[in-house]
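# Fold and contact review
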Amino acid sequence: MPKKILVVDDEKPISDIIKFNLTKEGFDVETAYDGEEAVEKVEEYNPDLMILDLMLPKKDGLEVAREVRQTHDMPIIMVTAKGGEIDKVLGLEMGADDYVTKPFSNRELVARVKANLRSRDIVKKAVEVNQQKEKEQESNDIQIGNLLIKPDAYLVEKNGEKIELTHREFDLLYYMAQHMDQVMTREHLLQTVWGYDYFGDVRTVDVTVHRLREKIEDNPVRPKILVTRRGVGYFVKQQTEE
């Protein structure tokens, strides 16, 4: 079955162009023209990915992302007419996985859609493989201090309590936990977690790491799990300090 894409933009000509180009690529595309309709369409249509404009009537893109993230974990690509870094950072912090700034080329947008879906599929396949292995051996869970990563269930627990992570946050944590104590550059993480044809910059990694630390660390200012190696990148520690 074709992947389902929800395009949310109050400018109908833009929505029509995006829909046309994605449909040509074999996607099933629905549109919404304001924030309230977007939230409703997510529940009705259950898309595999959402392209979400920042400036919308009734509810802006940040509010839509915040609401959708409470019940859905599909990739969200935020679209903004503003070029300021603060808008991009806010979008990522509200749960978006990627962003593009107007004006953008349709070719770039299609590439980003494919990269985000590919990354999602890779993780799903990894979970399926882990589920198969679990039938033959003990649990694939990864324990890091008070943090428990359950790849087969696609969830993370801290002190026994479930932590709500976006799919990108989970992908990043799980990938780094599989390579414990291995320092990884931002560029490497962009290529492996976000996808080889991802067009973003390393700031995307920094924002996602910051957001992840807020959820998994006892003290995000002094992280003991997801640690920075100054001038190089990030790594997950094998054991946390007492």
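Worth saying up front: this structure is predicted, and the values here are computed from it rather than measured. (Residues numbered from 1 in each chain as written. Predicted model: local features only at pLDDT ≥ 70, side-chain atom pairs only at ≥ 80, totals over all residues. Heavy atoms only, no water.)

### Re a negative patch on the surface
The line we're drawing: Residues enter patches when their relative accessible area tops 30% and they take part in no salt bridge; the joining distance is 9 Å for like charges and 5 Å for the nonpolar side chains Val, Leu, Ile, Met, Phe, Trp and Tyr. Values of accessible area rely on a 1.4 Å probe in the Shrake-Rupley scheme; residue burial ignores everything except the protein chains shown. Note on definitions: salt bridges are taken to be side-chain nitrogens of Lys or Arg within 4 Å of carboxyl oxygens of Asp or Glu. Charged-residue counts in this description rest on Lys and Arg as positive and Asp and Glu as negative, His and the chain ends being excluded. Charge positions are represented by NZ for Lys, CZ for Arg, CG for Asp and CD for Glu. A run of H or I in DSSP counts as a helix once it spans at least four residues, and a run of E counts as a strand once it spans at least two, with each numbered from the N terminus. When accessible area is computed with a 1.4 Å probe and restricted to protein chains, residues below 20% of their type maximum are described as buried, those above 50% as exposed, and intermediate ones as partly exposed.
Residues Glu36, Glu40, Glu43 and Glu44 make up a contiguous surface patch of negative charge. If you trace the backbone, glutamate 44 turns up in helix 2 (residues 35–45). Using a relative accessible area of 62% as the deciding quantity, one classes glutamate 44 as exposed.

### Let's talk about the packing of aromatic side chains
Inclusion rule: Any two of the Phe, Tyr and Trp rings considered here, Trp counted by its six-membered ring, make a pair once their centres fall within 6.5 Å; the pair's planes then place it as stacked at under 30 degrees, edge-to-face at over 60, or tilted in between. Any Lys NZ or Arg CZ that is within 6 Å of a ring centre and within 35 degrees of that ring's normal is treated as a charge sitting over the ring.
In this structure the tally under the stated criterion is 2 aromatic pairs. Ring centres of tyrosine 154 and phenylalanine 170 lie 4.1 Å apart, and the angle between their planes is 35°; on these two criteria the pair is classed as tilted. With tyrosine 154 in the loop between strand 7 (147–150) and strand 8 (155–158) and phenylalanine 170 in helix 6 (residues 167–177), this residue pair connects regions lying 16 residues apart in the sequence. Lying over the aromatic face of tyrosine 45, lysine 4 brings its terminal NZ or CZ to 5.1 Å of the ring centre.

### Focus on the sheet that holds strand 8
In plain terms, the rule: Two strands pair under a simple rule: DSSP has to find at least two bridges between them. Here, axes are lines fitted to C-alpha atoms. For helices the fit covers the stretch in contact, and angles between N-to-C directions go from 0 to 180 degrees. By the convention used here, residues are in contact when the closest approach between their heavy atoms is within 4.5 Å.
Taken in spatial order, the 4 strands make up an open sheet running 6-7-8-9, and their pairing is antiparallel. Among the strands making up the open sheet, the edge pair consists of strand 6 (142–144) and strand 9 (161–163). Shown here is a sheet whose adjacent strand axes are inclined to one another by a mean of 30°, direction ignored. Of the strand pairs in this sheet, strand 8 and strand 9 are connected by 3 bridges, and their pairing is antiparallel. Following the sheet pairing, valine 156 is matched in strand 9 by isoleucine 163. Seen against the sheet, helix 6 touches strand 6, strand 7 and strand 8 and runs at an angle of roughly 100° to strand 7.

### Some details on helix 6
Among the 11 residues of helix 6, 11 are classified as buried, and the element is accordingly described as predominantly covered. Every buried residue belonging to helix 6 is among His167, Arg168, Glu169, Phe170, Asp171, Leu172, Leu173, Tyr174, Tyr175, Met176 and Ala177, and all of these are buried.

### Comments concerning the environment of leucine 189
On the secondary structure map, leucine 189 appears in helix 7 (residues 186–194). Judged by its relative accessible area of 0%, leucine 189 falls in the buried class. Spatially, the C-alpha atoms of leucine 189 and glycine 233 are 9.2 Å apart, while their sequence positions differ by 44 residues. Beyond its immediate chain neighbours, meaning those up to four positions away, leucine 189 contacts Leu172, Tyr175, Met176, Met184, Trp194, Val205 and Tyr234.

### Quick look at the pattern of salt bridges
According to the stated counting rule, one finds 19 salt bridges in the structure shown. The shortest N-O distance in the salt bridge between lysine 41 and glutamate 30 comes to 3.8 Å. Highlighted residues: lysine 41 in helix 2 and glutamate 30 in strand 2 (residues 28–32), separated in sequence by 11 residues. Overall, lysine 41 belongs to the buried group, its relative accessible area being 16%.

### Let's talk about the pairing of strand 4 (residues 76–80)
To be explicit about the condition: Call a crossover right-handed when, viewed with both strands pointing away from you, the route from the first strand across the helix to the second goes clockwise.
Within strand 4, 5 of the 5 residues are buried, leaving the element largely enclosed by the surrounding structure. Where burial is concerned, the two faces of strand 4 agree: the one with Ile76, Met78 and Thr80 and the one with Ile77 and Val79 are both buried. Relative to strand 4, strand 3 (residues 49–53) runs parallel, the two being bridged by 4 bridges. Paired with isoleucine 51 across the strands is isoleucine 77, a residue of strand 4. As for the winding sense of the linkage, the β-α-β connection from strand 3 through helix 3 (residues 61–68) to strand 4 is right-handed. Taken together, the 4 bridges between strand 4 and strand 5 (residues 98–101) define a ladder with parallel strand orientation. Residue pairing for strand 5: valine 79 is matched across the bridge by valine 100.

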